[in-house]
Amino acid sequence: MYSEKVMEHFRNPRNVGEVENPDGVGEVGNPTCGDMMRITIKVKDDKIEDVKFKTLGCGAAIATSSMITELAIGKPLEDAEKISRQDIADALDGLPAQKMHCSVLAADGLREAIADYRSKK
Amino acid sequence: MDRLIYLDYAATTPMRPEVLEAMMPYFTEDFGNPSSLYTLGRQARGAVEDARDRVAAFMGADPREVVFTSGGTESDNMAIKGVAFANEKKGNHIITTPIEHHAVLEPCHFLAKRGYEITYLPVDEHGMVDPADVEKAITDKTVLVSIMHANNEVGTIEPLEEISKITRARGVYLHTDAVQTFGHIPTNVNELGVDLLSVSAHKLYGPKGVGALYVRKGTRMVPTAHGGSQENNRRAGTHNVAGIVGLAKAVEIAEREMASEAKRLTELRDRLLHGMVDKIPNARPTGHPTKRLPNNASACLVGAEGEAMLLSLDMEGVSSSSGSACTSGTLEPSHVLLAMGIPAEIAHSSLRLTLGDKTTKEDIDYVLEILPPIIERLRAMSPLDEAWKGKQ
């Protein structure tokens, strides 16, 4: 039911952890619904210099978290915050319909981290 | 990955080669319709009736009390809707539990929409029903009590012997879904005291697509499939002759092996459960500690998510199951665990390993070797890592 790409990111998730002294933090989901994500970003010259995630959740939650860090890294903030759930799903060669909410979580998490950075500036 | 360790026997079991061998002639040369009068038909009819004798004897029933079906789901539907519809004049109240299989819960939901009243009895933290609650719930409108023999997720065995004393005294039919127990622990209908009992062949090394419903003599039940007069007008449709023969062969094997296999699996199950608790911090076994299926090892491994565990185990060659939301196709975790009072955030971390005929001690030790690092990795990836450590 998962694409090979999803499984690959589940097996070898990119950018797991927390960046040191993050410029922005996004926390989305809650343990009751089963998925939780914490995303930390480092910003330089209005670009995402570094991004890391920690996720509690299913295979799709981990793969979408991993994928959004790949999509976001090096991107200007205004481009990074436009990454949509569909962009993440497409980059993973698709997600099963009932798993699309996981990609929402990842996209929301990044947007929240960027908003957090802007609010502190 | 060169190992393949199947630990999901509660989902389905591999068919025994001797079962397949027994079935084979009925697909080709002995293909007759059991309802036909000529020799070929009579031979097929003979095979079906021999199978019925064996299945009936195994459960302590009269052969006329056994109805062959397409499996557990059909048997449950037939029992619940069939009894409800046949006893409308007496009442419209059904008593069941919130931890039943969907094949029981969904027919009850269906009936509820049509004006039936359904009472869901509480269960304790082990998933056990209190017989006193059955007594309290029965009214003069109650027509059926349906309580599973053992739960498919956590393995808890329900006290049917005590419950049936109550249903008998009150003149209410008792149905049990014995899909997880038939062929694995004793399911004598008279000892259990049940009036209806559902069976599925593929849970005991038989073929998929065939099962049976025991219906005690005198039980008022209407058919749910109408058509030909097969099965004494209780279940229309040409017999699945090969499947029925396969079910009987699986029962024959169970007669031989059940007692020793239950003992062997209980030891392996406890080795697995104790090993998980020893090696994984904050592992919480689910279900009753002793009154449980010999082959069911289930636990919540707090701080890791079930589907992620299942996928990780699969990468190491181990097939498992979880009651987490992500494996059910919904966003809700297991209804069984929630009914047992387990909070949703912990229910998401459930893992079910169910053992069977090919499971060895080496398999269990392999799982105990690979599972702790899997859980450690998933917990390390979680934003709640520190939080669950604090709860140890």
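Residues numbered from 1 in each chain as written. Chains lettered and ligands numbered in written order. Predicted model: local features only at pLDDT ≥ 70, side-chain atom pairs only at ≥ 80, totals over all residues. Heavy atoms only, no water.

Caption draft 1: Structural detail: the sheet that holds strand β7 (residues 196-200) of chain B. Residue and element names in this part refer to chain B. Read from one edge of the open sheet, seven strands run β2-β8-β7-β6-β5-β3-β4, paired in mixed fashion. At either end of the open sheet lies a strand with only one pairing partner, and these are β2 (66-69) and β4 (117-120). Taking the axes of each pair of neighbouring strands and ignoring which way they run, one obtains an average angle of 20° across the sheet. The sheet contact formed by strand β5 (residues 142-146) and strand β6 (residues 173-177) spans three bridges and is parallel. When the sheet's bridge partners are listed, Ser 146 is paired in β6 with His 175. (Pairing = 2+ DSSP bridges. Helix = DSSP H or I, 4+ residues; strand = E, 2+ residues; numbered from the N terminus. Axes fitted to C-alpha atoms, helices over the stretch in contact; angles between N-to-C directions.)

Caption draft 2: Structural view of the environment of Pro 122 of chain B. Residues and elements named next belong to chain B. If you trace the backbone, Pro 122 turns up in the loop between β4 and α5 (131-137). Separated by 229 residues in the primary sequence, Pro 122 and Leu 351 place their C-alpha atoms 23 Å from one another. Excluding anything up to four places from it in sequence, Pro 122 contacts Met 128, Val 129 and Asp 133. (Contact = heavy atoms within 4.5 Å.)

Caption draft 3: Representation of the confidence of the model for chain B in the model. When pLDDT is averaged along chain B, the result is 95, and 96% of the positions lie at 70 or above. Prediction confidence for the complex, expressed as pTM and ipTM, is 0.95 and 0.94 respectively. (pLDDT = per-residue confidence, 0-100.)

Caption draft 4: Region of the structure containing the nonpolar core. In this structure, Leu 110 of chain A together with Leu 301 of chain B are the most contacted members of the largest nonpolar core, which totals 68 residues. Looking at which element gives the most residues to this core, the answer is helix α13 (residues 361-381) of chain B, with 10 residues. Aside from chain neighbours lying at most four places away, what touches Leu 301 of chain B is Met 276, Ile 280, Asn 282, Ala 283, Met 309, Ser 349, Leu 351, Leu 371, Ile 375 and Arg 379 of chain B. By size, the runner-up hydrophobic cluster in this structure holds 61 residues, among which are Val 129, Val 241, Ile 342 and Ala 347 of chain B. (Core = buried A, V, L, I, M, F, W, Y, C linked by side-chain atoms within 4.5 Å. Buried < 20%, exposed > 50% of the residue type's maximum accessible area, 1.4 Å probe, protein only.)

Caption draft 5: Broad picture of the packing of aromatic side chains. Residue and element names in this part refer to chain B. Under the counting rule described, the total for this entry stands at four aromatic pairs over all chains. Judged by centre distance (6.2 Å) and plane angle (65°), the rings of Tyr 9 and Tyr 205 are edge-to-face. With a gap of 196 residues between them, Tyr 9 in the loop between β1 (5-6) and α1 (17-23) and Tyr 205 in the loop between β7 and β8 (211-215) connect regions that are remote in the sequence. A single burial state applies to Tyr 9 and to Tyr 205, both of which are buried. One residue, Arg 3, lies across the ring of Tyr 366, its end atom 4.2 Å from the ring centre. The ring of Phe 110 is capped by Lys 81, whose NZ or CZ atom sits 5.1 Å from the centre of that ring. (Phe/Tyr/Trp six-rings, centres within 6.5 Å; stacked < 30°, edge-to-face > 60°. Lys NZ or Arg CZ within 6 Å of the ring centre and 35° of its normal.)

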